[in-house]
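Structural overview
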Amino acid sequence: MFTNVLKSVELNFTDLCNLQCSFCPHSFGFKGKNNNVHMTPDTARIVKEQLDEINFSGDIVISGKGEPTLNIYFEELMNIFADPNRKYSIRLISNGKNFSKYEDSVNKADVIVYDVYDTAYDPNGTSKQKVKAAKLKKSIDNKNKNRKSPYIELRIKPDYGELETKTQTKWGSNLSSRGYEDHVTKELDDTTCSIIFERLMIDWNGDYNLCCHDWFDRIVLGNIKTESILEYVEENLTLMSYRTKLVEGNRKDLTVCRNCDKLCPIDNSNYKDMMDMYNACK
């Protein structure tokens, strides 16, 4: 029953990144910073086959803890997931530095989330910055209007070196505050969490990570090579223990969750019913 509420599967192609943005854990403290590790085609095929087995029709989000286009097998991985008969959609999140190098592979995605961190582009900056941002937006709008390629979601996020301890930057969330005690700057009104039900995080080596926002503990709950996605989502005992706590809003009882400031309230009463049913049948 839990596979029915799974909305997205996030894949970490690599820990490598070609930027060091101030709001990102790569700038401080991330244990995997620029680890030269890469999801292999063999691991990707296992992921693909198992998603097909559960008839997954949500989003595969290619993002993770680094810049996905730096994976040495990037072209092959995109070929594997871009099955023309796929039921899921592919969302590629990238800083765009390698778009021209891998144009054909990038265009296999259904949606490209193009994050522009360059301070040369700022809709709220100087006249010169505004003009460059407007030209870029117009170029993207024209591509989307006449597209035979993926829809491009443009997110301009000029990085001016925001303070690590700020929960919000000018353009949105500061990833440094995720699950890291020294950087939490707000308390949540609702401490339930839907991520544990709706998203699945698979690391470069096939590990099931607890959460896409867990940058520092990087808790591993299993591996796709020894426990299928179906088995993990429906039966993994540790995952179920986290779900039981989070459906009740008990982040304080979970070391990695108690300091996380990500607001993802559960607004679906079915999740509570699902956990009550599961725990009653144990």
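What comes next is a walk through the structure. Just so you know, these numbers come straight off a predicted model, no measurement behind them.

For the rest of this paragraph, the subject is the overall build of the protein chain. Within the protein chain one finds eight helices and 10 strands. Expressed as a percentage of the 282 residues in the protein chain, the buried residues total 53%. When contacts within the protein chain are restricted to residue pairs at least 6 apart in sequence, those whose partners lie at least 24 apart make up 67%. For the protein chain, the accessible surface area stands at approximately 13800 Å², while carbon and sulfur atoms represent 46% of it.

This next bit is on the packing of aromatic side chains. By the definition in use, this model includes six aromatic pairs. Ring plane angle 25° and centroid distance 6.5 Å describe the contact between Phe 2 and Phe 197, whose orientation is recorded as stacked. Of this pair, Phe 2 sits in the segment before strand 1 (8–11) while Phe 197 is found in helix 5 (residues 195–198), placing the two residues 195 residues apart along the sequence. By relative accessible area, Phe 197 is classed as buried at 1%. When the centroid spacing of 6.3 Å and the interplanar angle of 65° are considered together, the rings of Phe 13 and Phe 74 count as edge-to-face. With Phe 13 in the loop between strand 1 and helix 1 (41–53) and Phe 74 in helix 2 (residues 74–81), this residue pair connects regions lying 61 residues apart in the sequence.

This next bit is on the side chain of Arg 251. Structurally, the position occupied by Arg 251 is in the loop between helix 7 (237–247) and helix 8 (269–281). Here Arg 251 falls in the buried class, since its relative accessible area comes to 4%. A distance of 3.1 Å separates a polar side-chain atom of Arg 251 from the backbone oxygen of Thr 191.

What follows deals with unusual backbone geometry. The backbone of Asn 55 sits at a positive phi, close to 55°, despite the residue not being glycine. Counting through the fold element by element, Asn 55 comes out in the loop between helix 1 and strand 2 (59–62). Judged by its relative accessible area of 46%, Asn 55 falls in the partly exposed class. Non-glycine residue Arg 218 carries a positive phi angle of around 50°. With respect to the helices and strands, Arg 218 occurs in the loop between strand 9 (207–209) and strand 10 (220–223).

Here we take up the pairing of strand 3 (residues 89–94). Put simply, side chains in a regular strand alternate between the two faces of the sheet. Pairing of strand 2 with strand 3 involves four bridges; the strand directions are parallel. Counted as the bridge partner of Ile 60 is Ile 90 from strand 3.

On to the environment of Phe 56. Residue placement: Phe 56 occurs in the loop between helix 1 and strand 2. Take Phe 56: its relative accessible area is 4%, and that puts it in the buried class. Once the C-alpha coordinates of Phe 56 and Tyr 88 are considered, the two residues, 32 residues apart in sequence, prove to be 6.2 Å apart. Apart from the residues within four sequence positions on either side, Phe 56 is in contact with Leu 6, Lys 7, Ser 8, Val 9, Leu 51, Lys 87 and Tyr 88.

The subject of this paragraph is the pattern of salt bridges. In this structure the tally under the stated criterion is 14 salt bridges. When the shortest N-O distance is used, the salt bridge between Lys 48 and Asp 52 registers 2.5 Å. Of this pair, Lys 48 and Asp 52 are both found in helix 1, four residues apart, which corresponds to roughly one turn of the helix. Residue class for Lys 48 comes out buried when judged on its relative accessible area of 8%. Overall, the relative accessible area of 34% leaves Asp 52 in the partly exposed class. By sharing partners, the salt bridges in this structure join Asp 15, Asp 203 and Arg 218 into a single network.

One way to put it is that helix 1 packs onto helix 2 with a least axis distance of 10 Å and a crossing angle of 15°. As far as their axial angle goes, helix 2 and helix 1 are roughly parallel. Along this stretch, helix 1 crosses helix 2, giving a crossing that reads as right-handed. Packed against helix 1, whose contacting residues are Pro 41, Ala 44, Arg 45, Val 47 and Lys 48, the element helix 2 presents Glu 76, Leu 77, Ile 80 and Phe 81 at the interface. Looking at the contact of helix 1 with helix 2, its residues break down into six nonpolar, no polar and three charged.

Conventions adopted
- Per chain, residue numbering runs from 1 following the sequence as it is written.
- For a predicted model such as this one, the threshold for reporting local features is a pLDDT of at least 70, and the threshold for listing and counting side-chain atom pairs is 80 or more; totals across whole chains, interfaces and linings nevertheless cover every residue.
- Computation of side-chain values covers all heavy atoms of the structure but excludes hydrogens and water.
- Helix numbers and strand numbers start at the N terminus; a helix is a DSSP run of H or I with at least 4 residues, a strand a run of E with at least 2.
- For each residue, the accessible area found with a 1.4 Å probe, counting protein chains only, is set against the maximum for its type, and the residue is called buried under 20%, exposed over 50%, and partly exposed in between.
- Any pair of residues with heavy atoms lying within 4.5 Å of one another is described as a contacting pair.
- Using the Shrake-Rupley algorithm and a 1.4 Å probe, accessible areas are obtained, with residue cover drawn only from the displayed protein chains.
- Any Phe, Tyr or Trp ring, taking Trp's six-membered ring, that has another such ring centre within 6.5 Å forms a pair; planes under 30 degrees apart are called stacked, those over 60 apart edge-to-face, and the others tilted.
- Nitrogen and oxygen atoms within 3.5 Å of one another constitute a polar contact, given that in protein one can donate a hydrogen and the other can accept it, and given that sequence-neighbouring residues count only through two side-chain atoms.
- Whether two strands pair depends on DSSP finding at least two bridges between them.
- Should a side-chain nitrogen of Lys or Arg be within 4 Å of a carboxyl oxygen of Asp or Glu, the pair is scored as a salt bridge.
- A fitted line through C-alpha atoms represents every axis, and for helices the fit uses only the stretch in contact; the resulting angles, taken between N-to-C directions, go from 0 to 180 degrees.
- Roughly parallel means an angle under 35 degrees; roughly antiparallel, over 145; roughly perpendicular, 65 to 115; everything else is oblique.
- With the far helix as reference, a near helix turned anticlockwise by less than a right angle produces a left-handed crossing, and one turned clockwise produces a right-handed crossing.
- Any residue that is not Ala, Val, Leu, Ile, Met, Phe, Trp, Tyr, Cys, Pro, Asp, Glu, Lys or Arg is counted as polar, Gly included; the first ten are nonpolar and the last four charged.

In short, the description is geometric, and any link to function would need to be established separately.
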